[in-house]
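# Inside the fold
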Amino acid sequence: MRQETTFQAVRRHLRNGYVILATRGPVALYGAAMREAAKLIDSPVGVFLAPRDVLTDGPHFLKEHGLRATIGAILRQTAATYDPPLGRRRNPVNDPLRERAISYYYTYELTKPDGVVPSRRPANEMDFALEIPFAFDPAPAPKGPIAAIIHAFYPEILPLVLEKLDNIPGSVDLFLSTNTDEKRRAVEEATRDWAKGRVEIRVTPNRGRDIAAKFFGFRDVYENYDLFLHLHTKRSPHGGAELARWRDYLMDHLLGSPEIVRSILALFDDSKVGVVFPQHLFELRGILNWGYDYDLARALMKRMGVGIDKNMVLEFPSGSMFWGRSAAFRPLLDLDIGFEDFPEEGGHVDGTLAHAIERVLLMVAESNGFEWLKVARRDLYPMQNTLLTVNGPDDLPLHRLKVFQPCLGSVDNGLRPQDRGIVEIKPLLSYPSRNPRPRLNLLTPTVNPHQIFGGVATAMKLFTAVADALGEDYDRRIIATDADIEPEAYESLPDYEAVPHAASLDVGRRLLVDAYERDGSRLDLRAGDIFIATAWWTALFALDVERDRARLFGRELPFVYLVQDDEPYFHGRSSRYALAESTYRHGDRTIAVINSEELYEVMCGKYAFREAYCIPYAMNAQIFTALQPAPRERLLLVYGRPHVTRNAFELICDGLFRWQQRDPIRASRWRILFLGEEFPETLVYPVMNASVGGKVSLTDYASYLSCASVGVSLMLSPHPSYPPLEMAEAGLLTITNHFEGKNLTSRFDNIVSLDLLEPAALADAIESAVAAMEPRIGEVVPRATPRAPGLEGVQVFDVALFAERLRALRA
């Protein structure tokens, strides 16, 4: 192949630029130019960096990726803003997503040169905290006695701590640890006048610092208290001048005034809140990583039955001072961990079990069904725009959406290698919803009318029927994953509220979500959500969501898999083949609803599902009603979709061409109409007398079925496909093909099912069918009566019974 010359390249760019300018305008042309510039400076693909984030994220990004990648990232983001990929319009419903999309500092590097494991952290501008004290004076519900668990390694600092503890209203019991008898006597002296509650002092080994002492030195205390406060007489001697104020910073955030304490205690009125901790000391933000603790942390979480990876968000109460709910830490407290598991104190600043425990504290709480919140004082934290003012209780649910970003939820929806090659599997991330209502969800590639063919139409119909049967006790939501929702689609679904793909208060009863654009955002996930998958990649989404549900809510539910074909057949022996086939191998997690008896027999013969239901073939009611007795014409209907390989479009065209060239006089009298998809008529050349009807309405389709005489519809899969059955039932002599588990002659006498599928055999069948129907031209041919395949033990899909089955899942 000759290499393109510079002149040719310039001419090509000018031509493409003219087309963009003429069709999409100067703004799109500017965006396209930025995309080409990114290719020249960096690479065709890569990460994105918004220009507005250059000052905040740019230095870190530049350090991580270098100058060329940084410029390329800015240009790519600019291109995506002004000229979305392929010139597609950007759905304005998702404008809030773009405004609130969370960006992260992260790298796929495994370790840094010094062996440190890097972390995924929210960008500084996106790391929010609740401003304390609140702008109103809350009246928190009575909490009972609070356990203040304090490691007093430096007893001389204890008077300062006790002074701060006076800001807590009500009873506070002190549980203090230190490491020598001499220090114990100093602690006793410091607490002699404590009048707010009981005092207990324990001498613990000098292992594991404050972490071991607070959690395992007082393991027996937690079951007697709902709330506790972790403190220690911190000095951070390794941190120099920058960290000299760390202890005071933490204390002032946790106990700085009675108003601050009341604000924090009011957060625990929410039973889901398990941890409240201060926003990180700003000087620390650049070094918040896994350090040398990742392997220890991963092993620790594994002991609690939770898997983690380094691309999860790393968030933790740095400095290990925080308010907590005892129940949130039960998984950690129940582990068989003692002081002997921690190393002898040797001045370690990282790489110990204590450091690992500190980093997974929020993960532990989340694994037990709790959430966390961060707080900050405006006078002590420099990034003022990240502090959310709480003017009243109603602000807290909305602020939670920004502050609480789950550590155990997947967030990596970047450009992984497999996502670049298999774009449809880009992850669908989830966010825990507080709405307790159950909901039925449909995961569908599209809802745009011009993109809805048989499979999507069947899915929409089934979803609506089941949702109606569940009644008003269940909410419903449609999630479009593969195409921007267009205005016509919203018009066709007027009962649904259009919402962005973004975490929300999740209060709508009927929601329509455009999830095609989903970078930096998450989908609301309720404990009572039930998902219906409609294609293999949406089944992957359902499986991932269920894994998230297990982490966020402590349980998984089976998902409903509407199986309308044996989809691995679509992809040859490939990665897509393997992924599609894998979705059928989660039998205990899958309720299969299989469209057609033939496909049911094949799929249940190959895979073991938790439950399996069969949707028997029945002609669409609207088509059935619209069929009219009419004289048959010399019209040959073809189900022809060039872009759907299993319909063997090229083979059909070759068979038609051979028939026409073999029998030209008779063929010249017959008209051929391709239905199913719009495409240029040049694709059928040199087939004569052919026209493209495209995707027609059901009424028009019934009109063609009423007057046509011969039909051709191939399907290279076990699924019979509805078009050949509809053609046959309408009275057409119909040509289709055999396949594994499929012989449609068992359903209709007027079906010709080819065992040998090649152009010559197809031409023979067309010639025979045309000859057979010639004498009946002008005659009114009655409909044919279908015969249902006789399958033993088939569970036929019944909407009402199925709805009751779904209700039982929540029990």
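Read on for an overview of the structure. Fair warning: this is a prediction, and the values are worked out from it, not measured in the lab.

Turning next to the nonpolar core. In this structure, Leu165, Phe215, Leu231, Trp323 and Phe329 are the most contacted members of the largest nonpolar core, which totals 112 residues. Considering each element in turn, this core owes the most residues, 10 residues, to helix H13 (residues 353-367). Non-local contacts of Leu165, meaning those with residues more than four positions away in its chain, are made with Ala148, Ile150, Leu174, Trp194, Lys196, Leu229, Leu231 and Leu255. Of all hydrophobic cores here, the second largest spans 37 residues; its members include Trp537, Ala542, Val563 and Ala612.

Once that is clear, we can look at the sheet that holds strand E14 (residues 475-480). The strands making up a sheet are joined through hydrogen bonds of the backbone, oriented either antiparallel or parallel. Strand order in the open sheet formed by 8 strands is E15-E16-E14-E13-E18-E19-E20-E21, with parallel pairing between adjacent strands. Of all the strands in the sheet, the pair left with one neighbour each is strand E15 (497-499) and strand E21 (611-615). Here the average twist between neighbouring strands, direction ignored, is 20°. Sheet strands touched by helix H16 (residues 454-470): strand E13 (439-444), E14, strand E18 (529-533), strand E19 (559-563), strand E20 (590-595) and E21. Its angle to E13, the strand with the most contacts, is close to 180°.

Before going further, it helps to spend a moment on the packing of helix H22 (residues 649-662) against helix H26 (residues 759-773). One way to put it is that H22 packs onto H26 with a least axis distance of 8 Å and a crossing angle of 60°. The angle between H22 and H26 places the two elements in the oblique class. Two packed elements cross with a definite hand, and for H22 against H26 that hand is right-handed. The segment H22 lies against H26, with Leu651, Ile652, Asp654, Gly655, Leu656, Arg658, Trp659 and Arg662 engaging Pro759, Ala760, Leu762, Ala763, Asp764, Ile766, Glu767 and Val770. By residue class, the composition of the contact of H22 with H26 is 10 nonpolar, 1 polar and 5 charged.

Residues Phe802, Ala803, Leu806 and Leu809 constitute the buried set of helix H27 (residues 799-809). Along the axis of H27, the buried positions cluster into a sector of 105°, meaning they face one direction only. Close packing links the buried residues of H27 with E13, H16, E18, E19, E20 and E21.

Quick look at the environment of Arg68 now. Relative to the helices and strands, Arg68 resides in helix H4 (residues 67-82). With a relative accessible area of 55%, Arg68 lands in the exposed category. The spatial distance from the C-alpha of Arg68 to the C-alpha of Gly711 is 59 Å, given a sequence separation of 643 residues. Among residues more than four places away in sequence, those in contact with Arg68 are Leu40, Ile41 and Asp42. Engagement of the side chain of Arg68 in a polar contact is seen with the backbone oxygen of Ile41, the distance being 2.6 Å.

With that settled, the discussion passes to the side chain of Glu424. With respect to the helices and strands, the residue Glu424 is situated in the loop between helix H15 (417-421) and strand E12 (430-432). Residue classification places Glu424 among the buried positions, given a relative accessible area of 13%. Within the local environment of Glu424, its side chain forms a polar contact with the side chain of Arg576, the two groups lying 2.9 Å apart. The residues touching Glu424, leaving out its near neighbours within four places in the chain, are Asp482, Arg518, Trp536, Trp537, Phe541 and Arg576.

We now examine unusual backbone geometry. Across the chain, the bulk of peptide bonds are trans and the bulk of non-glycine residues have phi less than zero. Between Ile132 and the following residue, Pro133, the backbone shows a cis peptide bond with an omega angle of -5°. Mapped onto the secondary structure, Pro133 falls in the loop between strand E3 (129-131) and strand E4 (146-151). Residues Tyr685 and Pro686 are joined by a peptide bond in cis, for which omega reads 15°. Within the element layout of this structure, Pro686 appears in the loop between strand E23 (671-675) and strand E24 (690-694). Positioned with a positive phi, Asp506 is a non-glycine residue whose angle comes to about 55°. Secondary-structure assignment places Asp506 in the loop between E15 and strand E16 (510-514). You will see that Ala648, though not glycine, has its phi angle at about 50°, which is positive.

Let us now look at the sheet that holds strand E11 (residues 387-388). An order of E6-E5-E4-E7-E9-E8-E10-E3-E11 is seen for the 9 strands of this open sheet, with the pairing classed as mixed. The open sheet has two edge strands with one neighbour each: strand E6 (199-203) and E11. Strand direction decides the pairing type here: E4 and strand E5 (residues 172-178), joined by 6 bridges, are parallel. The partner of His151 across the bridge, within E5, is Ser177. The sheet strands contacting H13 are strand E8 (273-278), strand E9 (322-325) and strand E10 (371-376), and the helix crosses E8 at an angle near 160°. Most of the contacts of helix H14 (residues 395-403) go to E10, to which it runs at about 95°, and overall it touches E3, E10 and E11.

Another aspect to go through is the pairing of E20. A large share of E20 lies buried, amounting to 6 of its 6 residues. Of the two faces of E20, both are covered, the one formed by Thr590, Ala592 and Ile594 as well as the one formed by Ile591, Val593 and Asn595. Inspection of the sheet shows E19 paired to E20 by 5 bridges, in the parallel sense. Within E20, the residue paired with Val560 across the bridge is Ile591. One crossover worth recording links E19 to the parallel E20 by way of helix H19 (residues 575-582), and it is right-handed. Two strands pair when backbone bridges link them, and E20 and E21 are joined in this way by 5 bridges, in the parallel orientation. The residue bridging Ile591 from the neighbouring strand is Glu611, located in E21. At this point the chain moves from E20, through helix H20 (residues 597-606), to the parallel E21, and the crossover so formed is right-handed.

Each aromatic ring pair is described using two quantities: the centre-to-centre distance and the angle formed by the ring planes. On inspection of all chains with the given rule, the structure shows 30 aromatic pairs. On the basis of an interplanar angle of 75° and a centroid distance of 5.9 Å, the ring pair of Phe228 and Phe322 is categorised as edge-to-face. Here Phe322 lies in strand E9 and Phe228 lies in strand E7 (residues 227-232), a separation of 94 residues in the sequence. We note that Phe228, like Phe322, is buried. A network of ring pairs unites the aromatic residues Phe215, Phe216, Tyr222, Phe228, Phe322, Phe329 and Phe342 as a single cluster. If you follow Lys183 out to its NZ or CZ, it ends over the ring of Phe153, 3.5 Å from the centre.

On to a nonpolar patch on the surface, then. A cluster of nonpolar side chains, contributed by Leu40, Ile41, Leu62, Leu67 and Ile71, occupies part of the molecular surface with about 460 Å² of accessible area. Within the fold, Ile71 resides in helix H4. Of the residues examined, Ile71 reaches a relative accessible area of 33% and is grouped as partly exposed.

Accessibility expressed as a relative area gives 0% for Phe322, which makes it buried. Sequence separation between Phe322 and Leu231 is 91 residues, and the spatial gap between their C-alpha atoms is 7.1 Å. Other than its neighbours up to four places away in sequence, Phe322 contacts Phe215, Phe228, Leu229, His230, Leu254, Val275, Val276, Phe277, Pro317, Phe329 and Leu361.

On to the pattern of salt bridges. All chains considered together, the criterion is met by 61 salt bridges. Asp379 is the partner of Arg377 in a salt bridge, and the nearest nitrogen-oxygen pair spans 2.8 Å. On the basis of relative accessibility, which here comes to 56%, the residue Asp379 falls in the exposed class. A salt bridge links Arg510 to Glu472; its shortest N-O distance comes to 4.0 Å. With Arg510 in strand E16 and Glu472 in the loop between H16 and E14, the pair connects residues that are 38 residues apart, well separated along the chain. Through salt bridges with shared partners, a single network forms among Arg437, Arg439, Glu472, Asp475, Arg477, Asp506, Arg509, Arg510, Arg526 and Asp529.

Rules used throughout
Residues numbered from 1 in each chain as written. Predicted model: local features only at pLDDT ≥ 70, side-chain atom pairs only at ≥ 80, totals over all residues. Heavy atoms only, no water. Core = buried A, V, L, I, M, F, W, Y, C linked by side-chain atoms within 4.5 Å. Buried < 20%, exposed > 50% of the residue type's maximum accessible area, 1.4 Å probe, protein only. Helix = DSSP H or I, 4+ residues; strand = E, 2+ residues; numbered from the N terminus. Contact = heavy atoms within 4.5 Å. Pairing = 2+ DSSP bridges. Axes fitted to C-alpha atoms, helices over the stretch in contact; angles between N-to-C directions. Parallel < 35°, antiparallel > 145°, perpendicular 65-115°, else oblique. Left-handed = near helix turned anticlockwise from the far one by under 90°. Nonpolar A, V, L, I, M, F, W, Y, C, P; charged D, E, K, R; others polar. Arc of directions from axis to C-beta. Polar contact = N/O pair within 3.5 Å; in protein donor to acceptor, adjacent residues only side chain to side chain. Right-handed = clockwise from strand over helix to strand, strands pointing away. Phe/Tyr/Trp six-rings, centres within 6.5 Å; stacked < 30°, edge-to-face > 60°. Lys NZ or Arg CZ within 6 Å of the ring centre and 35° of its normal. Patch = residues over 30% accessible without salt bridge, like charges linked within 9 Å, V, L, I, M, F, W, Y side chains within 5 Å. Areas by Shrake-Rupley, 256 points an atom, 1.4 Å probe, with all protein chains shown as cover. Salt bridge = Lys/Arg side-chain N within 4 Å of Asp/Glu carboxyl O.

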